[in-house]
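Coordinate inspection notes
Single-letter residue listing:
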Amino acid sequence: MDDLIRKARIERFVRFGFLCNMIDEQGKRIPKSAIRRLKTYRAPFKAILHDEYLGKLAENRLAVLDRVVAYAEAFNEGDEVKAAEYRKQAIALYDEGDRLIETELLNDGI
């Protein structure tokens, strides 16, 4: 695969992480525009699933995406219990993805 394509895909993962952090730091409400922007990552992550190096990370980030969207919606609805559970799940999944980066991707020279 072309290095420029792989770099662009990796950059998309980084931007997704920044957006997740921004959503997590919201005070009273999470803007609908942020939730819509978050949902735009679904198609690119699905397209990366076939990548031999980044596919597992894309699968992980899709799971994170689902939890972060659920968290944002529960948060905005005022359901603190659900929001806390989805946040906890999203963080655990994101950490799992970070371990994947450290153990598999960095060892493969990416």
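A brief report on the enclosed structure follows. What you are looking at is a predicted structure, and each value in this text was computed from that prediction instead of being measured. (Residues numbered from 1 in each chain as written. Predicted model: local features only at pLDDT ≥ 70, side-chain atom pairs only at ≥ 80, totals over all residues. Heavy atoms only, no water.)

Across all of its chains, the model carries 5 aromatic pairs by this definition. Taken together, a centroid distance of 5.7 Å and an interplanar angle of 45° make the contact between Tyr-41 and Phe-45 tilted. Given a relative accessible area of 7%, Tyr-41 falls into the buried group. Since its relative accessible area comes to 0%, Phe-45 is described here as buried. Ring centres of Tyr-71 and Phe-75 lie 5.7 Å apart, and the angle between their planes is 40°; on these two criteria the pair is classed as tilted. Here Phe-75 and Tyr-71 lie together in helix α4 (residues 55-77), a separation of 4 residues that amounts to about one turn. (Phe/Tyr/Trp six-rings, centres within 6.5 Å; stacked < 30°, edge-to-face > 60°. Buried < 20%, exposed > 50% of the residue type's maximum accessible area, 1.4 Å probe, protein only. Helix = DSSP H or I, 4+ residues; strand = E, 2+ residues; numbered from the N terminus.)

At a minimum axis separation of 8 Å, α4 and helix α5 (residues 80-105) run at an interaxial angle of 160°. Regarding the angle of α4 to α5, the classification is roughly antiparallel. Relative to α5, α4 is oriented so that their crossing is left-handed. Grouping the constituent residues of the contact of α4 with α5 by class yields 16 nonpolar, 3 polar and 8 charged. (Axes fitted to C-alpha atoms, helices over the stretch in contact; angles between N-to-C directions. Parallel < 35°, antiparallel > 145°, perpendicular 65-115°, else oblique. Left-handed = near helix turned anticlockwise from the far one by under 90°. Nonpolar A, V, L, I, M, F, W, Y, C, P; charged D, E, K, R; others polar.)

Opposite charge on two side chains makes pairing possible when the charged atoms of those side chains draw close. Under the criterion given, the structure shown has 7 salt bridges. Among the ionic pairs, Glu-73 bridges to Lys-39, the shortest N-O distance being 3.7 Å. One end of the pair, Glu-73, is in helix α4; the other, Lys-39, is in helix α2 (residues 32-39), with 34 residues separating them in the sequence. By relative accessible area, Glu-73 is classed as partly exposed at 35%. For Arg-42, the salt bridge goes to Asp-66, with nearest N and O atoms at 2.9 Å. Taken together, the positions of Arg-42 in helix α3 (residues 42-48) and Asp-66 in helix α4 put the pair 24 residues apart, joining distant regions of the chain. Look at the salt bridges and you will find they share partners, linking Arg-6, Arg-9 and Asp-51 into a network. (Salt bridge = Lys/Arg side-chain N within 4 Å of Asp/Glu carboxyl O.)

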